[in-house]
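Each chain, letter by letter, is given below.
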Amino acid sequence: MTKIAIITGASRGLGRNTALHIADKGSDVIITYRSRKEEAEAVVAEIEAKGRKAAAFQLDTADISTFPAFVESLRRVLKDKWQRDTFDHLVNNAGHGEYAMIADTTEAQFDGLVNVHLKGVFFLTQALLPVIADGGRIVNLSTGLTRISAPGFSAYSAVKGAIEILSIYMAKELGARGIAVNTVAPGAIETDFLGGAVRDQPDMNKFFADIIALGRAGVPDDIGPMIAGLLTEDNRWINAQRIEVSGGQVI
Ligand SMILES: NC(=O)c1ccc[n+]([C@@H]2O[C@H](COP(=O)([O-])OP(=O)(O)OC[C@H]3O[C@@H](n4cnc5c(N)ncnc54)[C@H](OP(=O)(O)O)[C@@H]3O)[C@@H](O)[C@H]2O)c1
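Residues numbered from 1 in each chain as written. Predicted model: local features only at pLDDT ≥ 70, side-chain atom pairs only at ≥ 80, totals over all residues. Heavy atoms only, no water.

*Asks:* Residues and numbers for the site of the ligand, please.
*Replies:* As a matter of local geometry, the ligand sits amid 30 residues, with Ser11, Arg12, Ser35, Tyr156 and Thr191 nearest to it. The contact in question runs from an oxygen atom of the ligand to an N or O atom on the side chain of serine 11, over 2.6 Å. Between the ligand and arginine 36 there is a distance of 2.9 Å, counted from an oxygen atom to a backbone nitrogen or oxygen. Out of a free accessible area of 910 Å², the ligand has 97% covered by protein chains. (Near = heavy atom within 4 Å. Polar contact = N/O pair within 3.5 Å; in protein donor to acceptor, adjacent residues only side chain to side chain. Areas by Shrake-Rupley, 256 points an atom, 1.4 Å probe, with all protein chains shown as cover.)

Right under this line is the structure:
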């Protein structure tokens, strides 16, 4: 049976790239977006052009009050479009960054990061537990910054670190259902993240090229195919791992 993957925050960046590569490997894809409806619809069209089925939902993953309605709409679409009650793979990708020293970080910045990267991932996964199929997979996005200390990223890295712990708890609790859970931790990648800093600021780009063993900043194509590969049968025995995908950043 064709697998169905849900990827949050797939209107652009790493989520979009992952969605397209998952489709290339033969799965159908459901994406979510926060505000960029047109970009999300374009991703759906690209997936359909590959001969796969797709759908897009608006979802603010930082607002857990919206999750019951999302799950209801999801169940309806699964039934209508796929004649199924379940989906197979969940990629918790949606999120934004903040750059602020500890002394300057505001409560709003802190809460925004916690809500999207930790609380949202926790409760969205919880809400989807009755809908994800036994034998399914979950991938949670972290960051290479959890392995080091990079001034200005304390709050962001702290919530991403929490996701790494959450992932091993998910792996243990969901293992009885045959659901594998892993964390993928990208290094610096050229996307819109942090205002496109890695992509658009030459100094920043060079900084990362210099500290990455493979000699350049990452691009979305370095990440999407890896996550798509992780979700194939070839990698079914990988579980409860933090996998850094950074070209060898700070080694
Ligand atoms: N790029 C990097 O260097 C890097 C490195 C390590 C980890 N990561 C992680 O990788 C993930 C994706 O980052 P990216 O580089 O692809 O960022 P991006 O290009 O800025 O894309 C972010 C995506 O997440 C969605 N999103 C943001 N906040 C959301 C919310 N509250 N609710 C729902 N969707 C939301 C956006 O939707 P809209 O388009 O609708 O706004 C967009 O689709 C994030 O978890 C990030 O922390 C990125």
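What follows picks up the thread again.
*Asks:* Describe the packing of aromatic side chains, and please don't skip the residues or the numbers.
*Replies:* A complete count under the given rule lists six aromatic pairs for this structure. Relative to phenylalanine 70, the ring of phenylalanine 57 has its centre 5.4 Å away and its plane inclined at 90 degrees; by these criteria the two rings are edge-to-face. Here phenylalanine 57 is found in strand β3 (residues 54-58), whereas its partner phenylalanine 70 is found in helix α3 (residues 67-82), with 13 residues between them in sequence. Accessibility expressed as a relative area gives 12% for phenylalanine 57, which makes it buried. By relative accessible area, which is 5% here, phenylalanine 70 ends up buried. Taking the centre distance of 5.5 Å and the plane angle of 55 degrees together, the rings of tyrosine 156 and phenylalanine 193 count as tilted. Of this pair, tyrosine 156 sits in helix α5 (residues 154-174) while phenylalanine 193 is found in helix α6 (residues 193-200), placing the two residues 37 residues apart along the sequence. Using a relative accessible area of 6% as the deciding quantity, one classes tyrosine 156 as buried. Cluster of aromatic residues (ring-pair linked, three or more members): Tyr99, Phe153, Tyr156 and Phe193. (Phe/Tyr/Trp six-rings, centres within 6.5 Å; stacked < 30°, edge-to-face > 60°. Helix = DSSP H or I, 4+ residues; strand = E, 2+ residues; numbered from the N terminus. Buried < 20%, exposed > 50% of the residue type's maximum accessible area, 1.4 Å probe, protein only.)

*Asks:* Please set out the sheet that holds strand β1 (residues 4-7) residue by residue, giving values where relevant.
*Replies:* Strand-to-strand pairing in sheets goes through backbone hydrogen bonds, with the strands running parallel or antiparallel. The seven strands lie next to each other as β3-β2-β1-β4-β5-β6-β7, forming an open sheet whose pairing is parallel. The strands lining the two open edges of the sheet, one partner per strand, are β3 and β7 (242-245). Across the sheet, the mean angle from the axis of one strand to that of its neighbour is 20 degrees, orientation sign disregarded. Strand direction decides the pairing type here: strand β4 (residues 87-92) and strand β5 (residues 132-141), joined by five bridges, are parallel. Counted as the bridge partner of asparagine 92 is asparagine 140 from β5. Across the sheet, α3 is in contact with β1, β2 (28-33), β3 and β4; its angle to β3 comes to roughly 165 degrees. (Pairing = 2+ DSSP bridges. Axes fitted to C-alpha atoms, helices over the stretch in contact; angles between N-to-C directions. Contact = heavy atoms within 4.5 Å.)

*Asks:* A description of α3 should follow, citing residues and the corresponding values.
*Replies:* With 16 residues, α3 extends 21 Å from end C-alpha to end C-alpha; this agrees with the ideal 22 Å at 1.5 Å per step. Those residues of α3 not exposed but buried are Phe67, Phe70, Val71, Leu74, Leu78 and Trp82. Along the long axis of α3, the arc covered by the buried residues comes to 95 degrees, so they all point the same way. In α3, the exposed residues that point more than 90 degrees away from the buried face are Pro68, Glu72 and Asp80. (Expected span 1.5 Å × (residues − 1). Arc of directions from axis to C-beta.)

*Asks:* Tell me what's going on with the packing of α3 against helix α4 (residues 107-128), and back it up with residues and numbers.
*Replies:* In the contact formed by α3 and α4, the axes pass within 10 Å of each other and the chain directions differ by 40 degrees. Here α4 runs oblique to α3, going by the angle between their axes. In terms of crossing hand, the pair formed by α3 and α4 is right-handed. Side by side, α3 and α4 meet where Phe67, Phe70, Val71 and Leu74 of the first sit next to Gly120, Phe123, Leu124, Ala127 and Leu128 of the second. (Parallel < 35°, antiparallel > 145°, perpendicular 65-115°, else oblique. Left-handed = near helix turned anticlockwise from the far one by under 90°.)

*Asks:* Tell me about the side chain of serine 157, residues and numbers included.
*Replies:* Of note, serine 157 is situated in helix α5. When near neighbours in sequence (up to four residues on either side) are disregarded, serine 157 contacts Leu145 and Thr146.

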